[in-house]
Amino acid sequence: MPCIGFAHETEPPLEATPAMAAMRYCQTVGVRAAWGAQARFLGAPASFKYIASAPLQKMFMGDVAGVRTDAIYVLEELDLEERRQYEESAFYGWKQADRWVAEGRERPEYEVLAAVFYNRCKQELSKE
């Protein structure tokens, strides 16, 4: 997923067409929600910690065993508005995963989570 790199950075660049902008937006939201969901499946509480880019990328791109489980980790370089947007998506994913855990569901692969949340975003935009 080429959008994964954007999910932990500041907002992605603006796209040329509304359709491309919507796709990029849903990719970003989907990846961020999946990050929050994965944190919940791994036992993280609904809290955020801010860290530098290098350790975050190492966690994100590495094996799931390397993901810290004491919080949902966010890039510290984000400004206040970017953090709010990131946290909103990640917390949505965390809450959804909390429901799935309560139902006894197993943790799906990260890419599956990202696709689930991408499709949800796409459906929401289609309603508007």
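It should be noted that the structure appears before, not after, this text.
Structural notes, computed from the coordinates.

### A look at the overall build of the protein
Then, in step 1: Of the regular secondary structure elements, the protein holds 5 helices and 2 strands.
Then, in step 2: Counting from the amino terminus, the protein carries its helices and strands in the arrangement α-α-β-α-β-α-α.
Then, in step 3: The burial tally for the protein puts 38% of its 128 residues in the buried class.
Then, in step 4: Pairs at least 24 residues apart make up 74% of the contacts formed inside the protein by residues separated by at least 6 positions.
Then, in step 5: As displayed, the protein has an accessible area near 7,300 Å², and 55% of this comes from carbon and sulfur atoms.

### Structural notes on the pattern of salt bridges
Then, in step 1: Taken as a whole, this structure holds 6 salt bridges when the rule is applied.
Then, in step 2: Put simply, glutamate 81 and arginine 84 hold a salt bridge, and the shortest N to O gap is 2.7 Å. Of this pair, glutamate 81 and arginine 84 both sit in helix α4 (residues 80–102), 3 residues apart, which is roughly one turn of that helix.
Then, in step 3: Its relative accessible area of 39% is what places arginine 84 among the partly exposed residues.
Then, in step 4: The salt bridge partner of glutamate 103 is arginine 105, with a shortest N-O separation of 3.0 Å.
Then, in step 5: What makes arginine 105 partly exposed here is its relative accessible area of 47%.
Then, in step 6: One continuous salt-bridge network, built from bridges that share partners, spans Glu81, Arg84 and Glu88.

### Some remarks on the pairing of strand β2 (residues 72–75)
The side chains of a regular strand alternate, residue by residue, between the two faces of the sheet.
Then, in step 1: Side chains Ile72 and Val74 of β2 all project onto a buried face; the interleaved residues Tyr73 and Leu75 project onto the opposite face, where all are buried too.
Then, in step 2: After leaving strand β1 (residues 48–51), the chain enters helix α3 (residues 53–61) and then returns to the sheet as β2, a path that is right-handed.

### Some thoughts on the packing of aromatic side chains
Centre distance and the angle of the planes are the two values used to describe a pair of aromatic rings.
Then, in step 1: Under the definition given, this model contains 6 aromatic pairs.
Then, in step 2: Relative to tryptophan 100, the ring of phenylalanine 41 lies with its centre 6.2 Å away and its plane at 20°, an arrangement referred to as stacked. Taken as a pair, phenylalanine 41 in helix α2 (residues 18–41) and tryptophan 100 in helix α4 lie far apart in primary sequence, 59 residues in all.
Then, in step 3: The rings of Phe41, Tyr92, Trp100 and Phe117 are connected pair by pair, giving a single aromatic cluster.
Then, in step 4: The ring of tyrosine 50 has arginine 83 lying over it, and the distance from NZ or CZ to the ring centre is 3.9 Å.
Then, in step 5: Seen from the ring of tyrosine 92, arginine 120 lies directly overhead, with NZ or CZ sitting 3.9 Å from the centre.

### Structural notes on the environment of glutamine 85
Then, in step 1: Residue position: glutamine 85 is located in helix α4.
Then, in step 2: Considering only alpha carbons, one finds glutamine 85 and arginine 32, 53 residues apart in sequence, at a separation of 9.5 Å.

### Points about α4
Then, in step 1: Helix length check: α4 (23 residues) gives 32 Å between terminal C-alpha atoms against 33 Å at 1.5 Å per residue, within 8%.
Then, in step 2: Those residues of α4 that sit buried are Glu82, Tyr86, Ser89, Ala90, Gly93, Trp94, Gln96, Ala97 and Trp100.
Then, in step 3: For α4, the side-chain oxygen to backbone nitrogen distance between the N-cap and glutamate 81 is 3.1 Å, and the N-cap itself is aspartate 79.
Then, in step 4: Two residues or fewer after α4 comes glycine 104, characterised by a positive phi angle close to 85°.

Reading the values: the criteria
- Residues numbered from 1 in each chain as written.
- Predicted model: local features only at pLDDT ≥ 70, side-chain atom pairs only at ≥ 80, totals over all residues.
- Heavy atoms only, no water.
- Helix = DSSP H or I, 4+ residues; strand = E, 2+ residues; numbered from the N terminus.
- Buried < 20%, exposed > 50% of the residue type's maximum accessible area, 1.4 Å probe, protein only.
- Contact = heavy atoms within 4.5 Å.
- Areas by Shrake-Rupley, 256 points an atom, 1.4 Å probe, with all protein chains shown as cover.
- Salt bridge = Lys/Arg side-chain N within 4 Å of Asp/Glu carboxyl O.
- Right-handed = clockwise from strand over helix to strand, strands pointing away.
- Phe/Tyr/Trp six-rings, centres within 6.5 Å; stacked < 30°, edge-to-face > 60°.
- Lys NZ or Arg CZ within 6 Å of the ring centre and 35° of its normal.
- Expected span 1.5 Å × (residues − 1).
- Polar contact = N/O pair within 3.5 Å; in protein donor to acceptor, adjacent residues only side chain to side chain.

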